[in-house]
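Okay, here's what each chain looks like letter by letter:
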Amino acid sequence: MTTPPSGGGATGSGPADVEAAVLVVGAGPVGLLLAGDLAERGVDVVVADRLSAPMTESRASQLGARTMEVLAQRGLLADFGDELVPEPRGHFAGLSFDASAVRSPYPGHWKVPQFRTEAVLARRALAAGARLLRGYELYELCDVHTDGADDAAADAGVVARFRTEDGPLTVRAGYVVGCDGAHSTVRSLAGFPVESGPARRELLRADLTGIEVPDRRFQLLERGFAASARRPDGVTRVMVRVDGAPPVRRQGPPALREIAAAWRTVTGEDLTGATPIWRDAFDDSWVQAAAYRRGRVLLAGDAAHAHMPVGGQSLNLGLQDAANLGWKLAAQVRGWAPPGLLDSYHDERHPVGRRVLDNVQAQGMLMFGGAQTAPVRQVLAEVLSDPGPRDRIAAWVTGLDVRYDVRYHGHDYIRDNIRDDVRGADDIPALLLGSRVPDLALTCSNGEGTTVHALLRDGRGLLLDLAPGPASTDADADADGWADRVRTVRATAGPDDAPFASGTSVTSVLVRPDGHVVWTDRTTTPLRTALTDWFGTADRP
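Residues numbered from 1 in each chain as written. Predicted model: local features only at pLDDT ≥ 70, side-chain atom pairs only at ≥ 80, totals over all residues. Heavy atoms only, no water.

Enquirer: Is there a simple way to think about the overall build of the protein in this case?
Expert: Scanning the protein from N- to C-terminus turns up 13 helices and 28 strands. By residue count, 54% of the 541 residues in the protein fall in the buried class. In the protein, the share of contacts with a sequence separation of at least 24, taken over all contacts with a separation of at least 6, comes to 73%. By element, 50% of the accessible surface of the protein is carried by carbon and sulfur atoms, the whole surface being about 22,400 Å². (Helix = DSSP H or I, 4+ residues; strand = E, 2+ residues; numbered from the N terminus. Buried < 20%, exposed > 50% of the residue type's maximum accessible area, 1.4 Å probe, protein only. Contact = heavy atoms within 4.5 Å. Areas by Shrake-Rupley, 256 points an atom, 1.4 Å probe, with all protein chains shown as cover.)

Enquirer: I tried to follow the pairing of strand 2 (residues 18–25) on my own but got confused; where do I start?
Expert: Across a regular strand the side chains alternate sides, sitting on one face of the sheet and then on the other. Extensive coverage of strand 2 is indicated by the burial of six of its eight residues. Relative to strand 12 (residues 169–178), strand 2 runs parallel, the two being bridged by seven bridges. Looking at strand 12, one finds that Val-25 is bridged to Gly-178. The pairing of strand 2 with strand 3 (residues 45–49) spans four bridges and is parallel. Looking at strand 3, one finds that Leu-23 is bridged to Val-46. (Pairing = 2+ DSSP bridges.)

Enquirer: What's the story with the pattern of salt bridges in this structure? I'm lost.
Expert: Pairing of side chains with opposite charge becomes possible as their charged atoms draw close. This model, assessed by the stated rule, comprises 33 salt bridges. The partner of Glu-212 in a salt bridge is Arg-230, and the shortest N-O contact between them spans 3.8 Å. Residue Glu-212 is located in the loop between strand 14 (202–209) and strand 15 (216–221), and its partner Arg-230 is located in strand 16 (residues 224–230); the two are separated by 18 residues in the primary sequence. Look at Glu-212 and you get exposed, because its relative accessible area is 68%. Between Lys-328 and Glu-348 there is a salt bridge, with its nearest N and O atoms 2.8 Å apart. Of this pair, Lys-328 sits in helix 6 (residues 313–334) while Glu-348 sits in helix 7 (residues 343–368), and the two are 20 residues apart along the sequence. (Salt bridge = Lys/Arg side-chain N within 4 Å of Asp/Glu carboxyl O.)

Enquirer: Just to check I follow, could you spell out the sheet that holds strand 25 (residues 461–465) for this structure?
Expert: Whether parallel or antiparallel, the strands of a sheet pair through hydrogen bonds between backbone atoms. If you walk across this open sheet you meet the six strands as 24-23-26-25-27-28, and the pairing is mixed. With one partner strand each, in any of the chains shown, strand 24 (449–451) and strand 28 (517–520) form the two edges of the open sheet. Averaged over all neighbouring strand pairs, the angle between strand axes comes to 40°, with direction disregarded. Against the sheet, helix 13 (residues 527–535) makes contact with strand 25, strand 26 (486–493), strand 27 (508–511) and strand 28, and its axis sits at roughly 15° relative to strand 27, the strand it touches most. (Axes fitted to C-alpha atoms, helices over the stretch in contact; angles between N-to-C directions.)

As structure tokens, then:
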């Protein structure tokens, strides 16, 4: 049954025309995180999904270290209770390695069913005032601005039309964000050009109850590939590929008998008596939108980039898209975004998506390339035993390696504006720029304890002053005109806390709402210039 708009005090029975500042299409984890970020910043947001009820299967089942940091910044980890199960090991092309040594409060991976992630994010979005439409299938987009320019007219926007059980519904929104998956209707209707690669291999997977099979972590066997893992709730996920089996054009999920036959061929084990909770087939095709924005329509998650699911990277990449986009789109809607801020979403996230596509394709070649890749796998296994390469790859697959090029408005903060007198062997001031600020434990000037994540929780940027000695009012005065967008905090950190440890020379940083550093006191760019570049015009001189 179609559900009417919910949340934000909406009432009524049956569909009616709806207006919103932002329409998010897709109520998966990416769409719900984005909706929550927008709603908490006072943006009127509607989320529409074709499913009449939340899904109960777990397509993706693990969160990476960077995604855990994103959720922690929003105060959401406690909402999962004890369902977040740490998994200290990762893999690259099925080659296992220790991922727990990376620098993060949440190293490695964390297992949790996707439907639980969706439930936590939905509850937060609705509590913040987002409206949720279920059983709404998008079929038309009108008045799409495709020139990349923002129309300042009051009536500018996008009209979206939906089919529902109760008849058609029209939503008019200032902006539309497609978070509707790999076969995105938004992407198609808005005419986004894409780059893509064909399917060459297919895998079958299912969540099953009523079976007992050994746990397998990416085993390459004589006749194919098999993986299996039993969850604490008794559900076993199996994944299998028979060598040489071509991709199949399907109209629906594979039958259990097909999955059982493939499993028997590869492992010799019998899945008779299993009860399927969920069945799926996927291949190694890939697609990426050439641009993540066309005028007032944007894409995030699998709608922007889709690939073979390996190590949960698809879900985590999409959630990090949402974290990057939310504050920028909110700034645009609320009228304080500096020129080019919304376009920086594509500029920053498209290269990240491309890198993930590359590493997933490399993993596919190594996993399914047959005997000719065996020597390469052997060499890579030895390389992964060394802490340096191991931690580098761990950062790749958990999202911790992401560092944005924060050149903006002609100011190259990273390469040109670090003062020569503060450059050290590791160039810490330069390395901070574009990186995510560590979640330091802090003591504020009033004696209260806090953390960087807690200080970012209200959705504003953060000017953090950790200079020792008497307080200086210079930074406070410089940032005073942005107080509604940037929080200024003077605090102290532990003596060994990177990146502010003794010898790094960095004592103040300007942090965007998504946690990435865009200025330090060791750049030559004035603070007020950085504030204007990232947070718009000051309210007062």
